[in-house]
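Report on the structure
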Amino acid sequence: MLNGYGGSILRVNLTTGKISKEPTPPEVARDFIGGRGFGIYFLTKEVPKGTDPLGPENKLIISSGPLSGMLVAGGGKCDWTTKSPLTGGYASASLGGLFTAEMKYAGIDSIILEGISPKPVYLFIDDNKIELRDAAPYWGKGTFEVEKEFKEKFGEEYQIAVIGPGGENGVAFAHINHDYGRQAGRGGVGTVMGAKKVKAIVVHGTKSVPVADVDAYRQAGMALYKACKEAEGLKEWTRYGTTIVVSWCDEVGALPTRNFSAGSFEDGKNLYGTVMREQIVITDKGCFGCPCPCGKYSSMKRYGTHVEGPEYETIGMLGSNLGFTNIEDVAQANLLCDDLGIDTISAGGVIAWAIEAYTKGILTKADTDGLELSWGNPQAVFALIEKIAKKQGFGALLADGVKKAAQKVGKGSEKFAIHVKGMEQSAYATHNATAMLISYMTCDVGAHHNRAWAITYDLQVGRDKVVPEKVARVIWLQNFRPMFDVLGACRLQWVELGIDRKLYEPLLQAITGIPRTWEDLEAVGNRIWNLTRLYWARENEGFGRAWDMPSPRFYEEPPQSGATAGQITRLEDVNRLLDMYYEQRGWDANGMPTPATIEKLNLGAFVS
Amino acid sequence: MRLYVDNAKCSGCRACLVACSLNLFRESNPKKAALTLLPHFPAPGVYEMKVCTQCGDCARVCPTEAIKLNERGAYYVDYDECNLCEACVPECPESVMFVRTELANHAWKCDLCGDCVAVCGTGALWIAD
């Protein structure tokens, strides 16, 4: 018995229909702990080099962690790892909500989907009863309708993760939707599930999760909740959630505006968290065990609809980045993406690119199926979202993501395709924020913010500084923060409420029986970070430094307006940042872990 | 004293359910909690919690007198004396009297330990007269 774990790995071979369970390997639990650690372990070990992301050899690895579903403030995180159809590299998307807890209570630490089903199916898990069932009645439907049908059919205790038409149709950035508005959003994890012909996973668990020391567990769990409840920022944070930073980003020039051409939006005030809370929010909506829920559930009177969100990233990418001036329009675009099963961040990125290309005359009505594209045009955006999800006409071009779309269209449009490694950059403009810039450049899934959210650090120490301390901070964040994704818990209690992270140490020990300090955990994080880097190199011929370069927009085109008007990071400094980063990581000048680093981290077994 | 809930403040996180199961069973298992959460989504988008009001209807119908008052003035189930007859279940006006034989060999209910209140971050739960 593994304390703190469900205890088993569930394998579902969709080609043959074979379902099997194996005990969670104790040595993998020891070395990789859970969540994203399990994901990269199984991906590297089991998915052969050169696998087609949409082919039968790719696997979708869904993992909880030892803190998932427990008496832990924010124990609601689930990792979805696969080879990304968007980037061709490592994808690991974090899903909040209630799914990860339900997996644990069904006795499962990882679900590994293998092969391709000959027909649409859904995976049904009710404790030990595990079946593949016909999904023909659900195929083609939106995520909300399917979730509602399953809830009505099986009951509220069942948790559902479902793809939309975007995943079925092979949109490269399709997501997985759960609990009417929580997503495993980035990197095309929903695309892989769709390629496997799996419409949904339904899970219900009634087992208790074993813990090493129940009294110490209760005491440490209660202490963490107490600290959250007594935190000074609790009330303000819970009122606005992630939208609390919209105004701050606008003020400091980090709010993506019209395809990241600026970092402040002249109509940004209409999208601020305060406006959203007053105008559309009807309730807070928390992930499992969260005392400070960032989830806001909204009602859009203009459309007669409901949506969870929009969160900060979506307000940035489907709001200011598209020139939207009304929060209800942003929320409606959010709803369409959620229901159709595509990532709001990538959708906002690729649509902004299309609008810019259109306004520059690179694209015309002849390319866009007659749609007139302009900034601040919700109806055109709604139409594009639907076209993307269905891969219809012009939507098929955008459905491959901004990197490939720009390569296809050419004519200089590659210069304003805002991505790193093929992943559309999330919602922080980095013209003059060098820590956040290097964070995006080196993030292990592409241009995503969650590994090292360093933008506040930029402001704290001098945003244009290019110094080793900044890079060191980013590396520390990259090693430390993703450990929450390994443990199966949320980082926001630490980030936003400033909870003493030491409180997690006795809690983790009481649950698993294994004493670990944060220093121990950061060492695991460092090892995982290097392993993901090696995975990228294994899967991509010629992988290296060039792949870490940001969009030229951030070193060639200073914004014309807003807080960062006239400001830019010079190309020379971009390269200096990379040099410092590689050196501190123990990587060579091309950004590859050196043999000494591989040996030091005991990763030799993973390098063929 | 009894437990109260303000549904408008509930965010559906279920921390209360985990804390409850830990108190009642010394186990982590939200299915073994003595509160019920009913989410109403995608519309109208509200959470509804059911909590024990300590009305005592369960105790009055219990043929083995297994439901007793504790030092907090709350009704609790004396597990040794429960014979799983389920007479209490339909009597509960809030549907928070539980018998699930696949999960436990006795009935269970809220004993007003207060742990759910302790972990609720939004102030949706409290204890008062």
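Just so it is clear, the model here is predicted, and its values are computed rather than measured.

1. Observations concerning the overall build of chain A
The secondary structure content of chain A amounts to 26 helices and 17 strands. For 608 residues, the compact-globule estimate of 2.2 N^0.38 gives 25 Å, and chain A sits close to it at 22 Å. Along the first, second and third principal axes, the C-alpha atoms of chain A reach 60 × 55 × 50 Å. Within chain A, buried positions represent 62% of all 608 residues. In chain A, 72% of the contacts between residues at least 6 apart in sequence involve partners at least 24 apart.

2. What about the overall build of chain B?
Helix and strand counts for chain B come out as four helices and six strands. From first element to last, N terminus to C terminus, chain B shows the α and β order β-α-β-β-α-β-β-α-α-β. Scaling as 2.2 N^0.38, a compact globule of 129 residues should have a C-alpha radius of gyration of about 14 Å, and chain B matches this with 14 Å. Seen along its three principal axes, the alpha-carbon backbone of chain B occupies a region of about 40 × 30 × 25 Å. Per-residue burial for chain B yields a buried fraction of 47% across its 129 residues. Partitioning the intrachain contacts of chain B with sequence separation of at least 6 by distance along the chain shows that 57% fall at a separation of at least 24.

3. Some details on the sheet that holds strand 10 (residues 176-178) of chain A
Whenever strands of a sheet pair, they do so through backbone hydrogen bonds, lying parallel or antiparallel. Residues and elements named next belong to chain A. Taken in spatial order, the six strands make up an open sheet running 8-7-12-9-10-11, and their pairing is mixed. Each of the sheet's edge strands pairs with one partner strand only, and the pair in question is strand 8 (129-134) and strand 11 (182-184). Strand-to-strand twist of the sheet, defined as the mean angle between neighbouring strand axes without regard to direction, takes the value 20°.

4. With respect to the sheet that holds strand 1 (residues 8-13) of chain A
Residues and elements named next belong to chain A. With respect to topology, six strands assemble into an open sheet ordered 2-1-6-3-4-5, the strand pairing being mixed. Every interior strand has two partners, whereas the edge strands, strand 2 (18-23) and strand 5 (90-95), have only one. Pairwise comparison of adjacent strand axes, ignoring direction, gives a mean angle of 15° for this sheet. The strands touched by helix 2 (residues 35-46) within the sheet are strand 3 (60-63), strand 4 (78-83), strand 5 and strand 6 (108-114), with strand 4 carrying the most contacts at an inclination of about 20°.

5. Concerning the interface of chain B and chain A
Counting residues at the interface gives 27 residues for chain B and 34 residues for chain A. When residues of the side of chain B that touches chain A are traced back to their parent elements, those giving at least two are helix 1 (15-25), strand 2 (36-40), strand 3 (46-50) and helix 4 (115-119) of chain B. Tallying contributions element by element places helix 1 of chain B first for the side of chain B that touches chain A, with four residues. Looking at the side of chain B that touches chain A residue by residue, the classes come out as 15 nonpolar, seven polar and five charged.

6. Considering the domain arrangement of chain A
Residue and element names in this part refer to chain A. Domain boundaries assigned for chain A yield domain 1 (8-204), domain 2 (232-424) and domain 3 (434-498 + 517-606). Between domain 1 and domain 3, the C-alpha centre-to-centre distance is 27 Å. Contacts between domain 1 and domain 3 engage 34 residues on the former and 25 residues on the latter. Secondary-structure elements contributing two or more residues to the side of domain 1 that touches domain 3 are helix 2, strand 4 and strand 5. Sorting elements by how many residues they give to the side of domain 1 that touches domain 3 places helix 2 first, with six residues. Residue composition of the side of domain 1 that touches domain 3, grouped by class: 10 nonpolar, 18 polar and six charged.

7. Quick notes on the packing of helix 19 (residues 468-480) of chain A against helix 23 (residues 518-539) of chain A
Residue and element names in this part refer to chain A. One way to put it is that helix 19 packs onto helix 23 with a least axis distance of 7 Å and a crossing angle of 95°. When the axes of helix 19 and helix 23 are compared, the pair comes out roughly perpendicular. For the pair helix 19 and helix 23, contact is made by Gln-478, Asn-479 and Phe-480 and by Glu-522, Gly-525, Asn-526 and Trp-529, respectively. Class assignment of the residues belonging to the contact of helix 19 with helix 23 gives a composition of two nonpolar, four polar and one charged.

8. What about helix 16 (residues 402-409) of chain A?
Residues and elements named next belong to chain A. Every buried residue of helix 16 is accounted for by Val-402, Lys-403, Ala-405 and Ala-406. Angular distribution of buried residues about the axis of helix 16 spans 165°; they occupy a single face of the element. At its buried positions, helix 16 is contacted by helix 13 (344-359), helix 15 (394-398), strand 16 (419-420) and strand 17 (423-424). Downstream of helix 16 by one or two residues, Gly-410 has phi in the positive range, about 65°.

9. A few points about the packing of helix 17 (residues 434-442) of chain A against helix 25 (residues 571-585) of chain A
Residue and element names in this part refer to chain A. Between helix 17 and helix 25, the least distance of the axes is 10 Å, while the angle of their chain directions is 65°. Judged by the angle between their axes, helix 17 and helix 25 are roughly perpendicular. Here the hand of the crossing between helix 17 and helix 25 comes out right-handed. Two secondary-structure elements touch here, helix 17 through Thr-434, Leu-437, Ile-438, Met-441 and Thr-442 and helix 25 through Asp-573, Leu-577, Leu-578 and Tyr-581. Here the contact of helix 17 with helix 25 is composed, by residue class, of six nonpolar, two polar and one charged.

10. Describing the environment of Gln-279 of chain A
Residues and elements named next belong to chain A. Looking at the element boundaries, Gln-279 is found in helix 10 (residues 273-279). When the 16 C-beta atoms within 10 Å are taken as the criterion, Gln-279 is described as partly exposed. Measuring from C-alpha to C-alpha, the distance between Gln-279 and Glu-522 comes to 42 Å, with 243 residues separating the pair along the chain.

11. Quick word on unusual backbone geometry
Residues and elements named next belong to chain B. Omega for the bond connecting Phe-41 with Pro-42 falls within 30 degrees of zero, at 5°, which places this linkage in the cis form. Residue position: Pro-42 is located in the loop between strand 2 and strand 3. Going from Ala-43 to Pro-44, the amide bond is cis rather than trans, its omega being 10°. At Arg-26, a residue that is not glycine, the phi angle is positive and equals roughly 55°. Residue placement: Arg-26 occurs in the loop between helix 1 and strand 2. Despite not being glycine, Ser-95 has its phi angle at roughly 55°, a positive value.

Rules used in this analysis
- Residues numbered from 1 in each chain as written.
- Chains lettered and ligands numbered in written order.
- Predicted model: local features only at pLDDT ≥ 70, side-chain atom pairs only at ≥ 80, totals over all residues.
- Helix = DSSP H or I, 4+ residues; strand = E, 2+ residues; numbered from the N terminus.
- Rg over C-alpha atoms; globule rule 2.2 N^0.38 Å.
- Buried ≥ 20, exposed ≤ 12 C-beta atoms within 10 Å, placed from the backbone.
- Contact = placed C-beta atoms within 7 Å.
- Pairing = 2+ DSSP bridges.
- Axes fitted to C-alpha atoms, helices over the stretch in contact; angles between N-to-C directions.
- Nonpolar A, V, L, I, M, F, W, Y, C, P; charged D, E, K, R; others polar.
- Domains from an automatic or database assignment.
- Parallel < 35°, antiparallel > 145°, perpendicular 65-115°, else oblique.
- Arc of directions from axis to C-beta.
- Left-handed = near helix turned anticlockwise from the far one by under 90°.

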